[in-house]
Amino acid sequence: MVTILRARGDRSIRSFIDYERGTISRELYVHPDIFEQEMEQIFQRCWLFLGHESQIPNPGDFIVSRMGTEEVIVVRDRKDKQIRAFLNSCRHRGMKVCRYDQGNNLVFTCPFHAWTYDTAGKLVGVGYGNHPEAYGDTRPGDQWGLAQVAQFKNFHGSLWATWDPKAPSFEDYLGPFTASLRHCLQSSDGEDGGLEMFTPFQRHRLPTNWKVPGFTSVTDGTHAAMTHRSAAAAGLHEDRGQGKAKPGTPFPREMYAIGDHNLGHGGQCTFYNQPGVPDYTDEWFEPGVDDYFRETAGRKAQLYANRVLAPHGWGGGHFAIFPCVMVDSWRIRWYHPHETGMVERWTLCGVDKNAPKHVKNAVRHYVQRYNGPTGFFESDDMENWNYVYPASRGVRARKLDYFFANGLGHGKYDDRLPGVVVNGAYTEEAQRARFSRWLAFMEAKSWDDLYPVNTSKNHRIW
Amino acid sequence: MAETKGYDLTGKGGIQAWSSLPEGTKLTLLNGAVGEIIANPHDGGWVLIKFQEHPHDPSKVGQEEYVFFNEVQTAAG
Amino acid sequence: MLELTTVDTASLQRVILQHDVEQFLYKEARLLDERRLEEWLELLAEELHYWMPMRRNIKFGDWDLEFTSHETEINWFDEGKDVLAGRIRQINTGVHWPEEPVSRFEHIISNVELVGVEGDEISVNSKFFCYQNRLQDEVNQWVGRREDLLRRDPATKFKLVKRKIILAQNVMLPKVVNTFF
């Protein structure tokens, strides 16, 4: 039993969730002990998103990304051209060996004592390494290379890593969502890995607990009407041109909120009930953009003439990969915790790499004005996510529970996504699934307790 | 053969000279070894050289190694 | 001592232009702070390009990499008057939550420097300090400089044609940017 909060009497982690009422204690969002355990139990074990291969096309190219509270260098080696990821911390005294956001390097040189690592992370020099009165036979060897992630995966261009050697393969970690993620990384004509990402990462701070947006902003079906009231009222839903969309032939499909309680993934989901793709509907103001996407949609329709689309979000809508990577068919948004009440949010938006410039520009302008702290839509989210935290952490406030019972008891398993619970589109099934998996991680001694699932264990708690 | 040019790695201009040493520059190290720069990371500390002579360890000849600026006696290109 | 009468016309015109440009920039700031956002919009040319690039941490000398490109990359702002008008419509709904209740903004403009005059168009550099105070204790601040192109205008004295906003930030530290610079 994992316990916390000794100052207020031992409580098991499990006691913070009331499965029957459908509530969780507010301590989960505000208690620093829980935060510290999450960094160890979740962020040291899970597969985390690092970036996209299109950001580092050439040998020696690197970007600095994050895994939870820590920075990692993602670099394409000069010799074997492979991409690897390393903790951005010198093995000697822990200084950052890279303080640039991106670039092209021969080596990463620590500015402190000049310990120096090549683009495969190998220690290739230390200051005074050959000095007769210095290291001598104590000179550090190959085991003093940069700390490398335990496992790394390039999944159709998207880059992922975990610190845990016992974590299952990335595909096993995704489970039934493997096809969904693959689909979201395709270009609009259905070609695998057909996206390139607009650089750089959009990064900004948000004073709240990472789970506020990270766990509950995906498939938060009931938030949009009020949170984004201003965007609708100001006519900004037509911002991409949706106002001129012509109704096409309705495609037979079902839309749900779904949650995989065993793996923690979930979100919006569309099941496509027959081969083919929905008709393209015009939606762009900029001239020529609809022409391009109509043409690529036509090619995709040919590709899927006899195939059923993988389940994925609603239209461009999103699902999340545990713990907190939100994936759409045109952007990836994810969260890096800093401390209990501070999170950094990153966004990376994609476009067909073969699209003409006017299409890339239209998409780029759209994502710039939509997303993040300068975005029409997401600025409203930031306010709500922000003030959840101070209003929940008071001594009285934290004794209350959050309501997560929307749709509780109405979820059903569906053969189309084995092991995944399917529920009404505006329910909180995906959030409950993330907390099921959260509890499993917080209680697990190792990955042995976490995987395989479905056959050997069921982590669904509600 | 082109005229060789000596680089002054000391004094106020030393850091600029060091950081911009081109490939092909010949370095003589304090221990007497000689090598040619094959890459300069422009980090102020290191250059990658290929050894041409090594008085104490002939097996290093032909090997590549990063050399720290305070191990270098002279640079000429 | 220099007599006013001895000042040549060109110098005097330049001083008057400096004065007029400063007054224009101060007025802009005042309209923003007094929440007269639609009046601020009237100071913008129809073809305005309003651009705030992101700024990267880069190696000394890699200056070309510092600012994100408005041709190919992601910027904080990279838009025209139509999008700015949409932002103002949104704030003026009264239900745009990060600006409801409304903030107390103060824009301070300084270091106004005329860098070029070509016909009706004037290139001006200036600096800003923008302080935001809202609710009880939320404080955000932005410091930076601007490279503007103004065009003489009979109705408003000038119109803003281009603005590059060079913000002294890397990761955006405030959660929302809900004002204009």
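Everything quoted here is computed from the prediction, not taken from an experiment. (Residues numbered from 1 in each chain as written. Chains lettered and ligands numbered in written order. Predicted model: local features only at pLDDT ≥ 70, side-chain atom pairs only at ≥ 80, totals over all residues. Heavy atoms only, no water.)

Regarding its fold elements, chain C presents three helices and six strands. Reading chain C from its N end, one meets helices and strands in the order α-α-β-β-α-β-β-β-β. For chain C, the spread of C-alpha atoms along the three principal axes comes to 55 × 45 × 35 Å. When burial is assessed residue by residue, chain C has 52% of its 181 residues classed as buried. The long-range fraction of contacts in chain C, counting pairs at least 24 apart against all pairs at least 6 apart in sequence, stands at 60%. (Helix = DSSP H or I, 4+ residues; strand = E, 2+ residues; numbered from the N terminus. Buried < 20%, exposed > 50% of the residue type's maximum accessible area, 1.4 Å probe, protein only. Contact = heavy atoms within 4.5 Å.)

The next subject is the overall build of chain B. From N to C terminus, chain B includes one helix and six strands. Taken from the N to the C terminus, the helices and strands of chain B come in the order β-α-β-β-β-β-β. Computed over its C-alpha atoms, the radius of gyration of chain B comes to 12 Å, within 12% of the 11 Å expected for a compact globule of 77 residues. Burial analysis of chain B (77 residues in total) assigns 39% to the buried set. If you take every contact in chain B between residues at least 6 apart in sequence, the share linking residues at least 24 apart comes to 35%. Accessible area of chain B: about 4300 Å², with a carbon and sulfur share of 52%. Placing the 5 positive and 10 negative side-chain charges of chain B at their respective mean positions leaves the two points 4 Å apart. (Rg over C-alpha atoms; globule rule 2.2 N^0.38 Å. Areas by Shrake-Rupley, 256 points an atom, 1.4 Å probe, with all protein chains shown as cover. Lys, Arg positive; Asp, Glu negative; His and termini not counted. Charge placed at Lys NZ, Arg CZ, Asp CG, Glu CD.)

With that out of the way, let us pick up the interface of chain C and chain A. Buried accessible area, meaning the area lost when the parts come together, often serves as the stated size of an interface. On the side of chain A, 41 residues touch chain C, which itself brings 40 residues to the contact. Interface of chain C and chain A: buried area, both sides summed, is about 3400 Å²; carbon and sulfur atoms make up 54% of it. Its largest share of buried area at the contact with chain A, chain C owes to Ile-74, Trp-97 and Lys-175 of chain C, together 21% of the area lost on that side. Here chain C is connected to chain A by four salt bridges. Here chain C and chain A share 32 residue pairs in polar contact (both at pLDDT 80 or more) between them. Mapped by element, the contributors of at least two residues to the side of chain C that touches chain A are strand E2 (77-79) and helix H3 (81-91) of chain C. Of the residues assigned to the side of chain C that touches chain A, the class counts are 17 nonpolar, 11 polar and 12 charged. (Buried area = accessible area lost by both parts, 1.4 Å probe. Salt bridge = Lys/Arg side-chain N within 4 Å of Asp/Glu carboxyl O. Polar contact = N/O pair within 3.5 Å; in protein donor to acceptor, adjacent residues only side chain to side chain. Nonpolar A, V, L, I, M, F, W, Y, C, P; charged D, E, K, R; others polar.)

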